[in-house]
Every structure is written in C-alpha cells, then in structure tokens.
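Residues per chain are reported as follows:
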Amino acid sequence: MKSKGRTFKEKAEFFSSFNIFSFFPLFFFTLFIFSSCSLKPAQKGITIAGSTSIQPFADQWAEVFMAKYPGRLINVQGGGSSAGIQAAMTGAAQIGMSSRELKPQEKVLQEFIVAWDGLAIIIHPSNPIEDLSLEEVRKIFAGQIVSWKEVGGPDHNIHVVTREEGSGTRGAFQEMVMGKERITKKSIVQDSNGTVREVVAGNPYAIGYISLGLVEKRVKAIKLDGIEPSLENIMSRRYRLVRPFILVTNGPPTDETHDFIQFILSSEGQELIKRQGLIPANLVMTEAKVGQ
Amino acid sequence: MGNRTTMKGTESKEKLIRLFLLATALSAISILALISVFIFTEGLPIMFRHGFKKFLFSLDWYPTEGHFGLLPMIIGSLMVTVGAMIIGVPLGLAGAIYLTQFSSKKVRMVVKPMIELLAGIPSVVYGFIGVVILVPFVRENFGGPGFSVLTASIILGIMILPTILSISIDSLMALPPAYREGSIALGATEWQTTRMVLLPAARSGIIASIILGMGRAVGETMAVIMIAGNATSLPRTILDPVRTLTSNIALEMGYASGEHRQALFATGVILFIIIMVLNTVANLTSRKMSR
Amino acid sequence: MSLRLSPRKEQAIVRRLLFGLTALSLFILAFIIFFILRHGLPVISWKFLTQNPIETGKEGGIFSTIIGTIVLIILALVIATPLGVGTAIFLTEYTVEGSLTRIIRFGSECLAGIPSIIFGLFGFILFVTKLKFGWSILSGSLTLAFMVLPTIIRTSEEAIKFVPQAYREVSFSLGGTKWQTVSRVVLPSALPGISTGVILSIGRSIGETAAVIFTAGSALRLPTSLFSSTRTMSVHFYILAREGISLSKAYGTAAVLIISILLINVITYYLMNRFLRKYT
C-alpha cells in the first residue's frame, strides 16, 4: 500500500516472508500478483481500530464527522484495545482505540483521552437488589458470595457474567473492583459489552458489568455503596468506577487524523459524547488522574 | 518441415499446460502446508518456552498473568463433542437406515437433500436459536445459567447430523445389492438384514462419517461461543458453562497481545493437531472402505 | 433383543423408531426455518434490502452488508475456481492414480476438515498482518477461497469423471490434442456439474463467520476498493444478535441468509439432478 514509507527492515521482512512460498510455485505466483496490487495506493481516508467498548461510540463520531466533512472517509473497526494499539503501531490503522491505560512498552504512541466512561454493575430488572457495597461486588465476582440470599436477594445462585481476559473493560474492572482478588473461573465469559448486557437482560439471576453509556431499560444498574452511577456522581468523583477512552496515533497526527481527533475534542464533539452517555474528556481528567 | 515444427510446438504447449495444471493441483496441499507453517511458527515457541506439560495439563488459564493451562478447554471440547455425538449419531444413523432400507426411493430423494440443508444453515443462526430458545429452556427446566455443556451438545449434535446422515447413506447405498437380496432371500427381515449384514459391511464408511462429524463438532466456533458460556473452570455437571478450544481463540483474539496472543495460537496448534488426527483417521477408514 | 420378540414384531418397532427419529430431524429443520422466517419475513422490505445500516444497524437496512457479501464471495470464487477446476483436470485427465494423486487428494480432504477459526487465524496472520492487506475484502476473499477450494476440487473431479469416455475418444480420433479435448469437449460437458460445486461454495461462504470476521473485519460502510474492510451478512447478523443492537433487524438479516441458502440448495439440487440424468 505504501511502498515509499517502508523502512529497509520492513522490506526485508516482507520479502523474507516469501521464502516459504517459493516452495509452492503457484502460490508464489498468486501472492506475487496480489502483493504487487497492494503496492498501489488504494485506500483514501483513515482507519480507526480497537476497543469494542469504544467502537459503537466511534461509529457515531465517524458518521457525524463524515457528514460535516463530505469526502472524508473514516473506517471504524473493532478488534479490541490491544489489536487497535497494535494496528496503530504497525500502521494497519491510523488511529487506535483503547479502553485501558497504555502499557509502558506502548507509550511510544501519542495518546489522546477523548472521553471518560463509567462502569455500571448491572443485574436483571426483576432482581429486587438496588444497592451493593464494593466489597459485596468483589466477593460476588470472586465467587465467595454465591447466592443472592447472602446480599438480601432471592434464594438463588448468582450467575456471574464477565468479560474475556485481555479486555479493556475487564482490566478496568479488575483494577478498580477486584484489586488482587481473581474473578471466579466459573463465571460466564462474553466478549463484548453488548453480549454481557444481553446475557444479563435474559437471566433473572445474572450480574455483570458494562460501559455506563450502554445501560438501557432491559438491565438495571445498581448503586455502589449507595451511590448511583449518574453523570453528576461520576463528574464529582463520588461514583468510583471510571476509565478513560483513549485514541492513539503513531507519532504526531497527520492532517487527516488531526482533523478527526480535533473534531472529537471540539465542543461539538464533546457535546456528542455527552449525548452518548459518556463523560467529556475535560470534565474528569484532572481528578481521575489524581484518583489513579 | 513446417508440419514438424507445429507438432513440436503443440507438444511443448501440452507440456506447459500439464506443468501449469500440476502447479494448480499442488495448491491445496501447499495451502495446507502454509497454514500449518504459520500456525506452528506462531504457536509453538511459547509452548517450548513454558513447557508442553503446562499447556496440556494445567487447569489455570490466566493468560494476562502468564498462566496458560489449556486443560479446561481441551476437556471442554471433548465434553461437547461427546455430547454432540450422543445427540447426532443416533439421529443421523437412524435417518440413514430409515431412508435406505425402509422408505421408497422417492422419499429418500426428497428427505436426504432436506436434511442436508441443515448443513447449509449458518452456524451463527444455530447459535442464535440456541440463545433465544434453548438457553432459557435449559435454565428454566434443568437449572444452571442455561449456557452449558448440555445446550452446546444439543446444538452441535444437530449441526453434525447432516454430515453423519449423508455419508452413511452414501456408504449404505454403495453396497452391492446382492448383500441385501441374498439376506432377504434367506428369510431375514429388513431389520435383521440391516443389523447383521449391511451395517457391518458399511462399517468403515459409517465410522468415517462419525469421525468427520466429530471434526465438525470440535472445530465449530461461532455457535459454541454464543451458547456454551465460555467459563474457564472444569464443568462439574452438564449444566455448567464450558469453554472449548475454538471459543478460547475467538473470544480472546481481539484483545490479546504479546504472550497472550501467542498462547491463543498455541490453542490453535492443539486444535489443528486434533483435527489432523481425526482427518487422517477418517481418511484411512474411508480408504479401507473403497478397497 | 433379549425380549425375544419375533423378528417381524421387532422390525415393526424398529421401523417406527427409525421413522420417528428421521421425522424428528426433519422437524428440527422445519422448526429452524419456520422460526427465522416467521420473525424475519415481516422485517424484510425493499427498503431493508436497499438501505445502508444506520447507527451500527439499529436503524436502516442491510444494503452494504449484502454488497460486502457478494463482492467477497465473487472474488473468492474468482480465485478458487481456476485452482479447483485445474486440480480436478490434473487429477482426472493428466495423471494416473498413484502417490501423487493420493497426496493431492489427502491435502484437499484435510483442508476441507480444517475448522474455519484456524482459517481465520491463518488469514489474519498472513494477509492482514504479514502482507499488510489489513482487514480487507482481499484478505477475506483469499481466506474464503482457501476454505472452499476442496469443495470445488471434489465436485469438479466428480463432474469430469461423469463425462463419458467416448466423448474423449471421439475428440482424440479427430486429431484433437489432450488440451483441446479437455478444454473443448470435457469441460463444457462437465460444466453443469462444476457449477454445482461453485454454487455449493457460495452457500458455504454466505454462512461463514469465524474466518471472515478476522480477515475482512466488520466495517459497515460500502466498500470502495479491494483494501476496504467490509461486513458480510452473517457477521452483521452475529453482531446484531449478540450485542442486542436490534433483534428485529437481526431476524430480518437471518431471514435473508436463510432464503439465500434455500435458493442455493434448490439450484444445486436441480443442476445436479439434470447433470446426472444426462449421463446416467
């Protein structure tokens, strides 16, 4: 795609990968044809990839951005935080989305916190529980409390629903709720916010955690230590489960990526973020930074 | 003279065509080799680094903390596959026997393609049906969260049914008619003939169909991820959630990086080996049949 | 059997049991199709088919996913058909049974048995990351092409074998070369059979999710080049249903999927029967 920008090392890697194929004459031929196609510039616009937690919001940012700047193309991909960061590093995507803090070795990337997101603990609406302490939530997810009865609910086993290992949401939950405790192995594992919500919405005895922006009527977000997960409580830092939504670029943003990131950080973009149920970047930033 | 050169021309052209076709024909095996090379180079190094024992026999899957025990997933795959066999084999075989021995040709010509249609239904649709119908049904009637070994087994059983039915029918139909006629002429009923003559004679084809069905059950991903619950603990009952090798890969691939990602490729290595063993066994048994 | 039933009685019972189980299989099939169509058909409209998804699929239709599916499959077939048919010609016309054909057949059979998630992993590593095609139609099509190759090989081989030997002999006796015979006599006669394999591959590709989602990605926009990512109908359905974005749109998409699969099966069935009747 971008032969100009390839370093020597990349080129060497590129061609050495062909060595394997030379055993397979036809294969070599086919791939050669296709790879030579790949040297032509084919893609206009930019690709954004990463966190599936951010993806549904980013889809809308892109929609609005493209409506405002006709002719600009934004391609939003899922894949997960790590895949997105990886994609930004290798250039497979111009912008990566991460719903977890960058790891030290990933800090070479430029990061932009574009929004904050609350984590809501959700249960089925028919469940009479309204309020749990952080301690109780931790014990439930650690598998130490196994019946709703122990926290004042119906006499039935709790069905714990969690995200998969490596997910940014799980990472944030682990850090903010579980601490050193492990999430029980018996929990049901789903690989996105939406699926966790669907499982909880369909199961009267389930408990899970999802992005606050995605809570809707079919599930109930409970109070944590008596504090409701509302925007006000998050901005005032009374509700504690908050994490950043980060966009990353490899090096300083180019013209195209710059416009998009600036658009999200502009008052118009931040207004949109607020409408989506997220918390604008500037509102929590300093306090939450202190909080970490 | 002129004639001779054209002759030579066509000859070398023919040779060239043959060479080209040979190259084409090697594509399938090359792709297979390529897939193995890539999966193994991505997955094997981490297995060497941590030791195969740890991968195969540890119960702890905490990939972000460096624990890569795949035993729960290996056993999980085994459990849902056995479960799928329990559902799929009787249904498939019964269909094959009924359609070849007890029904008219007309019925068979209509029913066989219809059941084969089950193989065409996308696995995501099976998963979806599982989620909206079977999961709540199991939860309300048997207990547990509904996402379970049982649910996955039922759906997988239905998914492998057409494979078993279709190949078993083919191998029963391939038997010489004399087998059947001879046995009936000796006064045996159709069922006695089937049980004592035809089934043993078609044995290798039927076994091959079952092994291929197993391969499909082991390899199925999307349906299983939707209905099995994906817990990394060993299920104690068939009502507990379970994670298979395939869903382990698909679930965590998105967010995995570094060693975690390599461990998922290692999962792919184990899956690949299981599938290749099943393939080879099926291949050998069905070759035995054709002899 | 220890009940000592008379063989006739035993047969009657077994027969009823087998009939019951066969009927159960048919019932399951009918139920799945009926269930999806009952919920999905009311959603399908001209607008649903021709409008792009809005708000990640909550509103609007599935147009871009239909186009994505079609483009992906056409490209996959363009890659796989020559390879598959070429292999079949080589196996049937250009060589004799031996260890080479055994290896080729074994390779093709093993490839057929490899789970789609492995294809997905492989396509992701090779096409998406190593060759830097990214999540794209190209990566997805190449992966799909590899997946359907065995189907095309097998059906083409069988179709070519069905062409009567006399056809070839006539062509040779008229002075035709091997390639002339193959390309002008054998292939045209085997074409209906070969197309069965191609259509079967379409069926398999339409329903494929695991391999596609890791290689073609899941972008909802209409693809603009071979390097743009796309979302197929089954991936779209998977995301709609799992994420609970819109259940009704999910049913609608599933119904479109099921109808396409039904159509494809009817067409293959028809073609196959016509082909078989011609030569047997």
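We now turn to the structure provided with this report.

1. A few points about the side chain of T65 of chain C
Residue and element names in this part refer to chain C. Tracing the backbone through its elements, the reader meets T65 in helix α3 (residues 63-93). A relative accessible area of 1% places T65 in the buried class. Reaching out from T65, the side chain makes a polar contact with the backbone oxygen of I62 at a distance of 2.7 Å.

2. Some thoughts on unusual backbone geometry
Look at D225 of chain A: it is not a glycine, yet its phi comes out positive at around 50°. Structurally, D225 of chain A is set in the loop between β10 (223-224) and α9 (231-235). With relative accessibility at 39%, the residue D225 of chain A sits in the partly exposed group. In this model, K132 of chain C sits at a positive phi of 60°, which is unusual for a non-glycine residue. Along the chain, K132 of chain C turns up in the loop between α5 (116-130) and α6 (137-162). Under the relative-accessibility criterion, K132 of chain C is labelled partly exposed at 25%.

3. Observations regarding the interface of chain C and chain B
Between chain C and chain B, the residue contacts involve 77 residues of the former and 72 residues of the latter. Surface buried jointly by chain C and chain B totals about 6,900 Å² across both partners, of which 80% is contributed by carbon and sulfur atoms. Counting across the chain C and chain B interface gives two salt bridges. R195 of chain B serves as the salt-bridge partner of E10 of chain C, at 3.6 Å between the closest nitrogen and oxygen. Connecting chain C to chain B are 13 residue pairs in polar contact (both at pLDDT 80 or more). Considering each element in turn, the side of chain C that touches chain B owes the most residues, 20 residues, to helix α1 (residues 7-40) of chain C. Its residues placed into classes, the side of chain C that touches chain B shows 53 nonpolar, 16 polar and eight charged.

4. Focus on the nonpolar core
Buried together is how nonpolar side chains tend to be arranged in soluble globular proteins. Judged by nonpolar contacts, the single largest core of 263 residues is most densely connected at W61, I121, F141, F173 and I207 of chain A. Among the elements that make up this core, the one with the highest residue count is α3 of chain C (14 residues). Apart from residues no more than four positions distant in its own chain, F141 of chain A is found in contact with V160, V161, F173, M178, R182, I183, T184, I207, G208 and Y209 of chain A.

5. So, the packing of aromatic side chains
Taken as a whole, this structure holds 27 aromatic pairs over all chains when the rule is applied. Ring centres 5.2 Å apart and planes at 75° place the aromatic pair F128 of chain B and Y251 of chain C in the edge-to-face group. Placement of F128 of chain B in helix α6 (residues 123-142) and of Y251 of chain C in helix α11 (residues 247-279) is noted, with the two residues assigned to different chains. Comparing F128 of chain B with Y251 of chain C, the two get one shared label, buried. Put simply, the rings of F38 of chain B together with F122, F127, F133, F146 and F227 of chain C touch in pairs and so form one group of aromatic residues. Stacked on the ring of Y69 of chain A, the Lys or Arg R72 of chain A has its end atom at 5.9 Å from the ring centre. Taking the ring centre of Y94 of chain C as reference, the NZ or CZ of K178 of chain C above it sits at 5.6 Å.

6. Looking at helix α8 (residues 193-201) of chain A
The element α8 of chain A is largely enclosed, with a buried count of eight among its nine residues. N193, G194, T195, V196, R197, V199, V200 and A201 of chain A are the residues of α8 of chain A that are buried.

7. Observations concerning empty space enclosed by the protein
Summed over the entire model, instances satisfying the criterion amount to four cavities of 30 Å³ or more. Taken together, E165, R170, I183, T184, K185, S187 and V189 of chain A together with W61, Y62, T232, R243 and E252 of chain B make up the full set of residues lining the largest cavity. Across the lining of the largest cavity, the residue classes break down as four nonpolar, three polar and five charged.

8. Regarding the pattern of salt bridges
Going through the model one piece at a time under the given rule, you end up with 29 salt bridges over all chains. Ionic pairing is found between R243 of chain A and D117 of chain A, a salt bridge with its closest N-O pair at 3.1 Å. On the criterion of sequence distance, the pair formed by R243 of chain A in strand β11 (residues 242-249) and D117 of chain A in strand β4 (residues 110-123) is long-range, its members being 126 residues apart. The exposure class of D117 of chain A is buried, given its relative accessible area of 0%. In this structure, K185 of chain A engages D60 of chain B in a salt bridge whose closest nitrogen and oxygen atoms are separated by 3.1 Å.

Conventions adopted
Counting restarts for each chain, with residues numbered from 1 along the sequence as it is written. Written order determines the labels here, with chains lettered from A and ligands numbered from 1. Restriction of local features to residues with pLDDT of at least 70 applies here, the model being predicted, together with a cutoff of 80 or more for giving and counting side-chain atom pairs; totals for whole chains, interfaces and linings are based on all residues. No hydrogens and no water enter the side-chain calculation; it runs on all heavy atoms of the structure. Helical segments are the DSSP runs of H or I of at least four residues, strand segments are the runs of E of at least two, and each set is numbered from the N terminus. Only protein chains enter the area calculation, which uses a 1.4 Å probe; residues under 20% of their type maximum are buried, those over 50% are exposed, and those in between are partly exposed. Counting of polar contacts relies on pairs of N or O atoms within 3.5 Å, with two restrictions inside protein: one atom must be capable of donating a hydrogen and the other of accepting it, and residues adjacent in sequence are counted only when both atoms are side-chain atoms. By the convention used here, residues are in contact when the closest approach between their heavy atoms is within 4.5 Å. Buried area adds together the accessible area that both of two parts lose upon being put together, with accessible area traced by a 1.4 Å probe. Salt bridge, as applied in this entry: a Lys or Arg side-chain nitrogen positioned within 4 Å of an Asp or Glu carboxyl oxygen. Polar here means any residue outside two lists: the nonpolar Ala, Val, Leu, Ile, Met, Phe, Trp, Tyr, Cys and Pro, and the charged Asp, Glu, Lys and Arg; Gly therefore counts as polar. In plain words, nonpolar cores are sets of buried Ala, Val, Leu, Ile, Met, Phe, Trp, Tyr and Cys residues tied together by side-chain atoms within 4.5 Å. Side-chain rings of Phe, Tyr and Trp (the six-membered ring for Trp) are treated as a pair once their centres are within 6.5 Å; stacked means planes under 30 degrees apart, edge-to-face means over 60, and tilted covers the remaining angles. Counting as a charge over the ring demands two things of the Lys NZ or Arg CZ atom: a distance within 6 Å of the ring centre and an angle within 35 degrees of the ring normal. Note on definitions: the grid is 1 Å and covers protein atoms alone; a cavity is a set of points where a 1.4 Å probe fits but cannot get out; a pocket is an open set with protein on both sides within 12 Å along at least five of seven lines; lining residues have an atom within 4 Å of a point. Grid points are joined across faces, edges and corners, and a volume is the space filled by probe spheres set on the points.

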